Amino acid sequence: MSLEQVPLIVIDMQKGFDDEAYWGGNRNNPQCEANIGKLIGIWRQHKLPIIHVQHCSTEPESLLRPDQPGCQFKDEAIPNLNDTDNGGDKNRSYEIIIQKNVNSSFIGTNLEELLKKHNWLTIVLCGLTTDHCVSTTTRMAGNLGFRAYLVGDCTATFDRVSPFIDPTTGKPIVIKSEQIHAVHLTSLHNEFATVVTSTELLGLLKFQ
């Protein structure tokens, strides 16, 4: 495939997610940030498009509200908007920020329009969290006809309190982050996207 037409879409890599307790605790995949940072570095090296999705919450108590420090990008994924080398195409930016306030990166944004304008029909997805914004964006990408690759070791999630009660304790059942992560990636694979590891992805795109 033409590498020029494969954008890396980095979803919600924001400092607010460093507060594990706020999101449910016990986050899985501690290497997520490092793995994403590696992909970003490779995309920059090859002058490929990177789309940074930033969640700007409208919820009054959210850590991701625009006026909160948690809305800022994590150090591993700070956009580089100073690169003006756009291959002679003044309409093309190699790094773009798209802001959203719902789970899907396509709702209330120009992401679909941007991808189709540049004929970027194959996309690579990563970011936080596996079961919320990453999953929602991936599902919608598949429904919109994009060929999506979701990088499983470049996403992560937290424990979630389920609506079901454990009959032995009378308390809500807590679903562990690793289980949630695995179930969501499994549900997405070969239905909405192809789930790969970062190593497998680089082999597919022949980054050597």
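This structure is a prediction, so every number in the text was calculated from the model and none was measured. (Residues numbered from 1 in each chain as written. Predicted model: local features only at pLDDT ≥ 70, side-chain atom pairs only at ≥ 80, totals over all residues. Heavy atoms only, no water.)

*Asks:* Could you clarify how one ought to interpret the packing of aromatic side chains in this entry?
*Replies:* Each aromatic ring pair is specified by the distance between its two centres and by the angle formed by the two planes. A full pass over the atoms with the stated rule returns four aromatic pairs. Each ring, one from Phe17 and one from Phe158, has its centre 6.4 Å from the other, and the planes form 20°; the classification is stacked. Residue Phe17 is located in the loop between β1 (8–11) and α1 (20–23), and its partner Phe158 is located in the loop between β5 (147–156) and β6 (160–165); the two are separated by 141 residues in the primary sequence. Ring pairs connect the aromatic residues Phe17, Tyr22, Trp23 and Phe158, which therefore count as one cluster. (Phe/Tyr/Trp six-rings, centres within 6.5 Å; stacked < 30°, edge-to-face > 60°. Helix = DSSP H or I, 4+ residues; strand = E, 2+ residues; numbered from the N terminus.)

*Asks:* Mind showing me how you'd approach the pattern of salt bridges here?
*Replies:* Where charged atoms from two side chains of opposite charge come close, those side chains can pair. As enumerated under the stated definition, the model contains ten salt bridges in all. Residue Arg27 pairs with Glu33 through a salt bridge whose shortest N-O separation is 2.6 Å. Of the two residues examined, Arg27 and Glu33, each falls in the buried class. Across the pair Asp131 and Arg160 runs a salt bridge whose closest N-O atoms are separated by 2.9 Å. (Salt bridge = Lys/Arg side-chain N within 4 Å of Asp/Glu carboxyl O. Buried < 20%, exposed > 50% of the residue type's maximum accessible area, 1.4 Å probe, protein only.)

*Asks:* I tried to follow the environment of Ile96 on my own but got confused; where do I start?
*Replies:* By secondary structure assignment, the location of Ile96 is in strand β3 (residues 95–100). Judged by relative accessible area, which is 18%, Ile96 ranks as buried. Residues Ile96 and Ile51, 45 residues apart in the sequence, show an inter-C-alpha distance of 4.9 Å. Apart from residues lying up to four places away in sequence, Ile96 is in contact with Ile50, Ile51, His52, Leu81 and Leu114. (Contact = heavy atoms within 4.5 Å.)

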